[in-house]
Amino acid sequence: MAYTVLARRYRSQAFGDVVGQDAVAQTLKNAIQRDRVAHAYLFCGTRGVGKTSMARLFARALNAPATMPDAPQPSDVELPETDVQQRMADAIMRGDDLNVIEIDAASNNSVDNARELIANAGLAPTANARFKIYIIDEVHMLSNQAFNALLKTMEEPPEHVKFILCTTDPHKVPPTIQSRCQRFDFPAIPTARITEHLKAVVNAESLDAEDDLVYTVARLGNGSMRDALSLLDRVIAAAGDDKLTVTTLETLLGLPETDLIDNLVNAAAQGDVAATLRAGHDLLARGVSQEQVVETLIERLRQLMLVAACGPDADVVELSDEARKTTAQLAAHFDTDALVYLITLADNLQRHAKQSANPRALFDAVLARMALAEKMADVAAILAGNTTPTQKKKP
Ligand SMILES: Nc1ncnc2c1ncn2[C@@H]1O[C@H](COP(=O)(O)OP(=O)(O)O)[C@@H](O)[C@H]1O
Ligand SMILES: [Mg+2]
């Protein structure tokens, strides 16, 4: 059997499955409950946070409520038999129901007929469906003609027509359209919630995965569930029949090895300039780009700072139990101030390296400075007494 990607296989089947979008789900459910469903909705948010999923579920709750345990059940409307509703629901979730029409405004071939589809919106729904629902993905990409057709329909919307417009770029949607929609902003999904979901997927797939791997994939998802699931797909492919490990992920993405980054931080903590420089050399010797090394280093320093400031068990620390322990041990060498300073150094390095004729020299210099930070901090404290807070401007 062909492999279907995880993001597809684990599409939310109920309002409660859409991770991190509880507020949106609740408001939509209330609207159905109180019979106050608007004619048009605008779902905004970055990719992979559940806009399309929520749009399909909302459509399903409107046309086939009996198939959804957490959809409000209308008492005063006549709906088809449950098995008919189930067939509708299946088609809606696949995206090919006759009455729930999905238009992907981003794919060129649909832009031409989008106008026609929208212009026909006035036609009644077929096959005992209650509503005709248009889900327009990436709506900001519609052609002008299609926008005009949409606007016309939205000005005098037929009772049985609903629009759910989805976009990653709300500011590109004409204000005339926006003002006719009820807008929902889908927030990025917190890493902890992505982690939970990934763990459930890993269990359901009976996969053997390191805890740390799941946390790291979730973090690299950057608030997008789809990105996290796609990355997990890639790790599964790369691992073959083996356990899913952080090392597999690091090799796959060309990320520096966590252990080597920790060696560097440890050497800097000891004030050992030579060892710090050697650790930097080892990292680059693996063929990982300097930019990637510094980026990972900054994220590592951030974790250390959070642990130093908030303690290893704090919620803001998004690490596996195992990683919390090793992070706490390493963080014990620093106070929060020092870590703030190191992050600033690394961040400056990242910015300046881009324009530098010799980025490697800058890299080494900053590493040496990190190892000397402790001593320099003392010097800075002494100097602080003699310096004035405002620098003299050049004439
Ligand atoms: N909030 C979420 N909760 C659970 N899964 C999600 C969520 N957001 C996205 N996904 C996963 O990513 C896939 C694509 O999501 P989609 O709803 O199309 O996102 P968007 O439309 O915001 O780009 C879904 O099939 C699902 O597997
Ligand atoms: Mg989508």
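Residues numbered from 1 in each chain as written. Chains lettered and ligands numbered in written order. Predicted model: local features only at pLDDT ≥ 70, side-chain atom pairs only at ≥ 80, totals over all residues. Heavy atoms only, no water.

An unreviewed UniProt entry annotates the chain as DNA polymerase III subunit gamma/tau originating from Mucisphaera calidilacus. UniProt, in the comment section headed Catalytic activity (unreviewed entry), describes the chain in these words: "DNA(n) + a 2'-deoxyribonucleoside 5'-triphosphate = DNA(n+1) + diphosphate". Taken from UniProt, the Function (unreviewed entry) comment for the chain reads in full: "DNA polymerase III is a complex, multichain enzyme responsible for most of the replicative synthesis in bacteria. This DNA polymerase also exhibits 3' to 5' exonuclease activity." (UniProt positions renumbered as here; feature names shortened; annotations may be inferred.)

*Asks:* Now, about the sheet that holds strand β2 (residues 100-104): what can you tell me, with residues and values included?
*Replies:* If you walk across this open sheet you meet the 5 strands as β2-β3-β4-β1-β5, and the pairing is parallel. If you trace the sheet from one side to the other, it starts and ends with β2 and β5 (182-185), each paired once. Strand-to-strand twist across the sheet, computed as the mean angle between neighbouring axes with direction ignored, equals 15°. Relative to strand β4 (residues 161-167), helix α6 (residues 144-155) is tilted by about 135°, and along the sheet it contacts β1 (40-44), β3 (132-137) and β4. (Pairing = 2+ DSSP bridges. Helix = DSSP H or I, 4+ residues; strand = E, 2+ residues; numbered from the N terminus. Axes fitted to C-alpha atoms, helices over the stretch in contact; angles between N-to-C directions. Contact = heavy atoms within 4.5 Å.)

*Asks:* Quick rundown of the packing of helix α3 (residues 51-63) against helix α4 (residues 82-94)? Include the residues and the values.
*Replies:* Contact pair α3 / α4: the axes reach a minimum separation of 9 Å and the direction vectors enclose 165°. Relative to α4, α3 is oriented roughly antiparallel. Crossing handedness for the pair α3 and α4: right-handed. Contacts between α3 and α4 involve R56, L57, A59, R60 and N63 from the former and Q85, M88, A89, I92, M93 and R94 from the latter. (Parallel < 35°, antiparallel > 145°, perpendicular 65-115°, else oblique. Left-handed = near helix turned anticlockwise from the far one by under 90°.)

*Asks:* I'd love a proper account of the pattern of salt bridges, names of residues and values included.
*Replies:* In total, this model carries 14 salt bridges according to the counting rule given. The salt bridge partner of E205 is R9, with a shortest N-O separation of 2.8 Å. Taken together, the residues span a long stretch of sequence, with E205 in the loop between α8 (191-204) and α9 (211-220) and R9 in helix α1 (residues 6-9) at a distance of 196 residues. The salt bridge partner of R351 is D347, with a shortest N-O separation of 2.6 Å. On the criterion of helical spacing, the pair formed by R351 and D347 is a turn pair, its members being 4 residues apart in helix α16 (residues 336-353). Taking relative accessible area as the criterion, R351 reaches 49% and is therefore assigned partly exposed. (Salt bridge = Lys/Arg side-chain N within 4 Å of Asp/Glu carboxyl O. Buried < 20%, exposed > 50% of the residue type's maximum accessible area, 1.4 Å probe, protein only.)

*Asks:* Report on the site of ligand 1, specifying residues and quantitative values.
*Replies:* Within the structure, ligand 1 sits among 19 residues, and A7, G48, T52, S53 and R226 are positioned closest to it. One nitrogen or oxygen atom from the main chain of Y10 is found 3.3 Å from an oxygen atom belonging to ligand 1. At 3.0 Å, a backbone N or O of G50 approaches a nitrogen atom of ligand 1. Contact with the protein chains hides 97% of the accessible area of ligand 1, taken as 550 Å² for the molecule alone. Counting only elements with at least two residues in the shell around ligand 1, the list comes to α3 and α10 (225-239). Partitioned by chemical class, the residues of the shell around ligand 1 number 8 nonpolar, 6 polar and 5 charged. Inspection of the shell around ligand 1 shows a minimum of three residues originating in each of domain 1 (6-185) and domain 2 (191-253). (Near = heavy atom within 4 Å. Polar contact = N/O pair within 3.5 Å; in protein donor to acceptor, adjacent residues only side chain to side chain. Areas by Shrake-Rupley, 256 points an atom, 1.4 Å probe, with all protein chains shown as cover. Nonpolar A, V, L, I, M, F, W, Y, C, P; charged D, E, K, R; others polar. Domains from an automatic or database assignment.)

*Asks:* So, the environment of L297: which residues are in play, and what are the values?
*Replies:* Assignment of secondary structure puts L297 in helix α14 (residues 290-310). Separated by 49 residues in sequence, L297 and A346 have C-alpha atoms that sit 7.7 Å apart. Contact partners of L297, with chain neighbours within four places excluded, come to I261, L264, V265 and M370.

*Asks:* So, the environment of L165: which residues are in play, and what are the values?
*Replies:* On the secondary structure map, L165 appears in strand β4. A relative accessible area of 0% means that L165 is categorised as buried. On a C-alpha basis, the gap between L165 and T52 in space is 9.3 Å, while along the polypeptide they are 113 residues apart. Look past the residues within four positions of L165 in its chain and what remains in contact with it is Y41, L42, F43, I136, V139, L150, I177 and C181.

*Asks:* Before we move on, can you summarise the nonpolar core with the specific residues and values?
*Replies:* The tendency in soluble globular proteins is for nonpolar side chains to be buried side by side. If you look at the biggest cluster of nonpolar residues, it comprises 54 residues, and the most contacted ones within it are Y41, F43 and L232. Ranked by residue count, the leading element in this core is α10, at 8 residues. Each of two domains, domain 1 (6-185) and domain 2 (191-253), supplies a minimum of three residues to this core. (Core = buried A, V, L, I, M, F, W, Y, C linked by side-chain atoms within 4.5 Å.)

*Asks:* An account of the packing of aromatic side chains is requested, with residue identities and associated values reported.
*Replies:* Aromatic rings considered in pairs are described by the distance between their centres and by the relative angle of their planes. Per the counting criterion, the structure on display carries 6 aromatic pairs. When the ring of F43 is compared with that of F184, the centres are 5.9 Å apart and the planes differ by 80°; the resulting orientation is edge-to-face. One end of the pair, F43, is in strand β1; the other, F184, is in strand β5, with 141 residues separating them in the sequence. No difference in accessibility class separates F43 from F184, as the two residues are buried. Ring geometry for F43 and F186: centres 5.0 Å apart, planes at 45°, overall tilted. Here the residue F43 occupies a position in strand β1, and F186 occupies one in the loop between β5 and α8, the gap between them amounting to 143 residues. Linked through ring pairs, Y41, F43, F58, F184 and F186 together constitute an aromatic cluster. (Phe/Tyr/Trp six-rings, centres within 6.5 Å; stacked < 30°, edge-to-face > 60°.)

*Asks:* Residue-level account of the domain arrangement of the chain, with values.
*Replies:* We note that the domain assignment places domain 1 (6-185), domain 2 (191-253) and domain 3 (258-316 + 325-381) within the chain. Its C-alpha centre places domain 1 at a distance of 48 Å from the equivalent point of domain 3.

*Asks:* Tell me about the packing of α9 against α10, and name the residues and values.
*Replies:* One can describe the packing of α9 onto α10 by two numbers: an axis separation of 8 Å at closest approach and a directional angle of 135°. With respect to α10, the axis of α9 lies oblique. Here α9 and α10 pass one another in a crossing that is right-handed. Of the residues in α10, those in contact with L213, V217 and L220 of α9 are A228, L231, L232 and V235. A class-by-class count of the residues in the contact of α9 with α10 yields 7 nonpolar, no polar and no charged.

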